[in-house]
Every structure is written in structure tokens, then in C-alpha cells.
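Summary of the model geometry
Here are the chains, one letter per residue:
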Amino acid sequence: MPGIAIMTDSNCGIMPSEETSYGIHVLPMPVIIDGKTYSEGIDITPDVFYQKQTSGSVITTSQPSPGDVTAMWDRLLSCHDEIVFIPMSSGLSNTCQTALILAGSSPYQGRVHIVDNHRISITQALSVLDAKALAEEGLSGAEIKAVLEKEAMDATIYIAVDTLEYLKKGGRITPAAAAIGTMLRLKPVLTIQGDKLDSFARARGMKSAFHTMLKALKKDIDTRLAPLRKQGCLKIGLANTQMEPEKLEAFKTELHENFPDMDFVYFPLTMSIGTHVGPGGLGIGAVRFHEN
């Protein structure tokens, strides 16, 4: 019986349909559209999601039900000794806290290890792949959890939002601020440095926002993340919500050109993130990795 199952949720950008190719297990996040609940990557595609979003559908997000979480645990424990579960950051969702409570009771105590390393999107995906590499090295579930949580802050993310409409709908900015920002073509740049999504800067136009993020990313890599780059264990990454392929490729190319010595990873920003960001959103970042 294989020793450890590596489990995550779809906020990392890896969909349930891709789990076999990665050798992991993915819990789909629920997305509620006009009162109907869909499972990300199971019964709704990104194209349908963004079509509904831009046509005015009411979209909200939720965490997976405790029953959905434990059903996957039960299935995995029937053929594995342990589970390492890496949900999205506890600072951005209650999924992690719920999982910690569930894992503290029988029959999961000591067999299901919940990793709260404050990650989402690309950085969460790299944590999942790191966990798989560490399991293949022979580490136990508890040891993998300890490594990932110790290295939690070895990452940085910046996100630019193309439209203020969905931040307004989510109550994160006022209607007046959204109206002024739209009129001035302002694009908010946000950052995740651990638990919280914080405001970082504002730029006029998406290209300017990208260059603001690029400058901030360079600073992080040249300062607190510099030792990791020197050791060759730092990757850069890009993620996005729905946007024109040509624009996406241009952003990817420029990111490559600025960090030619570093490996590049790409994962889409998922629907649960897209609910709050809207189409045209872009994220870039850097994260420590373990060799797979």
C-alpha cells in the first residue's frame, strides 16, 4: 500500500482532471452561480464561468463541505497510510481551519496532516509538488508538514486586476472608488505575503500594472529571496484569469526575459479567485521549490 497521498484543493490551479498526471489528489472548490453550486473543474468550464460572470450572473464562493473533505480522506486512507492535505491559505479561506478540526478526531488523527503554509495559486501548486517530492524521498507526513510550514514565507505574489467591477461586487471597494478608478483607468495591484491579500499600488493601464509588479518582484528576488536564487531553488511563475492569448504570451515572454536564469511555471487563476478578480487579471510571483 503506497505510504502517503498528497491532496490539495483546486485553488492551486491544478484541476481534478489533471491529478493523475501530477500524481496528486485535488478537491474541487465550489462556485455558486445564480444559486446553483458547481464544482470547479468537474461540471463547469472556465469559458462558461466567465461567460456567466460577464453577462451579470450572481457568483459567490464557498468552502467544500466537511462531508466532501472526509469522503476524499476516507477513499484515500483505504489505500494509503497517510494523507498530506495542502489547502489554500488559512488567511483567505476557512477550509484550512475546518480541515484542522476534522483531522483532530478519529479515525484521522495522526494519519491526516494539514499543511497551513499560507499559499494560494502558483505558490500553493509548488507546495503540492514539493510535498510529492519529499514523500518520494521517504519523509513521513508529519515531516513533510514541518518542512512546508517552515518554508512558508519563501514566496511572493503580486496580482493586478483589470476591472474594478468584481472587487466592488464583493464589497472590497466602495462603488464611488470603483467609479473613479474606472474613469481614470486605474488598475489596483495587490500582494500576498503570507496570509492576507493586501493593497500594494495603483497603476494606469494593465501594462503599467505589470511593470509595477515586475519591479516589486525583482526587489523581492534581489533581497530576501536572493539566497534561494543563488542556491538555484527559486522559480518564477505567472497566472491569469481569462484574457486574450496574445496579451498572455507577451506577459510570459517579458517575465522570461527579465529572469532568464530561473525556471518558469504557469497555472491559471481558478474560478474561485476569478469570482473576485474578474477576467483579465494577472498574477506573477516567485517561490522556493524542491527537486522532483
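Residues numbered from 1 in each chain as written. Predicted model: local features only at pLDDT ≥ 70, side-chain atom pairs only at ≥ 80, totals over all residues. Heavy atoms only, no water.

Named according to an unreviewed UniProt entry, the protein chain is DegV family protein originating from Candidatus Mediterraneibacter tabaqchaliae.

**Some words on the packing of helix α9 (residues 206-222) against helix α11 (residues 245-258)**
Where α9 contacts α11, the axes come no closer than 12 Å and their chain directions differ by 25°. One way to sum up the angle between α9 and α11 is to call them roughly parallel. The crossing of α9 and α11 is right-handed. Taking contact as the criterion, the partners of M206, F210, H211, L214, L217 and K218 in α9 are, on α11, F251, E254, L255 and N258. In the contact of α9 with α11, the residues fall into six nonpolar, two polar and two charged. (Axes fitted to C-alpha atoms, helices over the stretch in contact; angles between N-to-C directions. Helix = DSSP H or I, 4+ residues; strand = E, 2+ residues; numbered from the N terminus. Parallel < 35°, antiparallel > 145°, perpendicular 65-115°, else oblique. Left-handed = near helix turned anticlockwise from the far one by under 90°. Contact = heavy atoms within 4.5 Å. Nonpolar A, V, L, I, M, F, W, Y, C, P; charged D, E, K, R; others polar.)

**Quick look at the sheet that holds strand β4 (residues 36-39)**
Pairing is antiparallel in the open sheet, where three strands are placed in the order β4-β3-β5. Edge positions in the open sheet fall to β4 and β5 (59-61), since each of these has one partner strand only. Each strand of the sheet is rotated relative to its neighbour by a mean of 30°, with strand direction disregarded. As judged from the three bridges shared by strand β3 (residues 30-33) and β5, these two strands associate in the antiparallel manner. Looking at β5, one finds that I33 is bridged to I59. (Pairing = 2+ DSSP bridges.)

**A few points about the nonpolar core**
Core analysis: the biggest nonpolar cluster contains 60 residues, and M213, I221, L255, F259, L282 and I284 have the highest contact counts within it. Counting residues in hydrophobic clusters, the runner-up holds 17 residues, among them I83, L102, A103 and V112. (Core = buried A, V, L, I, M, F, W, Y, C linked by side-chain atoms within 4.5 Å. Buried < 20%, exposed > 50% of the residue type's maximum accessible area, 1.4 Å probe, protein only.)

**A look at the layout of surface pockets**
In this structure, the second largest pocket occupies an estimated 290 Å³ of space. As for the second largest pocket, its lining consists of 20 residues, and the residues nearest its centre are P46, Y50, P268, L269 and M271. With three residues, the single largest contributor to the lining of the second largest pocket is helix α2 (residues 46-54). For the lining of the second largest pocket, the class distribution of residues is eleven nonpolar, six polar and three charged. (1 Å grid on protein atoms, 1.4 Å probe; cavity = no way out; pocket = protein on both sides within 12 Å on 5 of 7 lines; lining within 4 Å. Points joined across faces, edges and corners; volume = space filled by probe spheres on them.)

**Section: the confidence of the model for the protein chain**
Looking at the protein chain, the pLDDT average stands at 89 and 92% of residues meet or exceed 70. Under a pLDDT of 50 for its full length, residues 176-181 has, in the predicted model, six contacts with residues more than four places off or in other chains. (pLDDT = per-residue confidence, 0-100.)

**Thoughts on unusual backbone geometry**
Between S106 and P107 the backbone carries a cis peptide bond, its omega angle lying at 5°. Assignment of secondary structure puts P107 in the loop between α4 (95-103) and β7 (112-114). Of note in the backbone geometry, H118 takes a positive phi value of approximately 60° without being a glycine. With respect to the helices and strands, the residue H118 is situated in the loop between β7 and α5 (121-136).

**Digging into the packing of α5 against helix α6 (residues 141-150)**
The contact between α5 and α6 brings their axes to 10 Å, and the two run at 140°. Classed by the angle they form, the pair α5 and α6 counts as oblique. Seen from above, α5 lies across α6 with right-handed handedness. In contact with S127, D130, A131, L134 and A135 of α5, α6 contributes I144, V147 and L148. Tallied by class, the residues present in the contact of α5 with α6 amount to six nonpolar, one polar and one charged.

**Some points on the packing of aromatic side chains**
Two numbers describe a pair of aromatic rings. These are the distance of the centres and the angle of the planes. For the coordinates displayed, the defined rule picks out six aromatic pairs. A ring pair is formed by F49 and Y50, whose centres lie 4.8 Å apart and whose planes are at 85°; its orientation type is edge-to-face. Among the residues examined, Y50 registers a relative accessible area of 4% and is labelled buried. Summarising the aromatic geometry, the rings of F210 and F251 are spaced 4.8 Å apart at their centres and angled 40° between planes, so their arrangement reads as tilted. One end of the pair, F210, is in helix α9; the other, F251, is in helix α11, and 41 residues separate them in sequence. The pair formed by F210 and F251 is uniform in burial state, with each residue classed as buried. (Phe/Tyr/Trp six-rings, centres within 6.5 Å; stacked < 30°, edge-to-face > 60°.)

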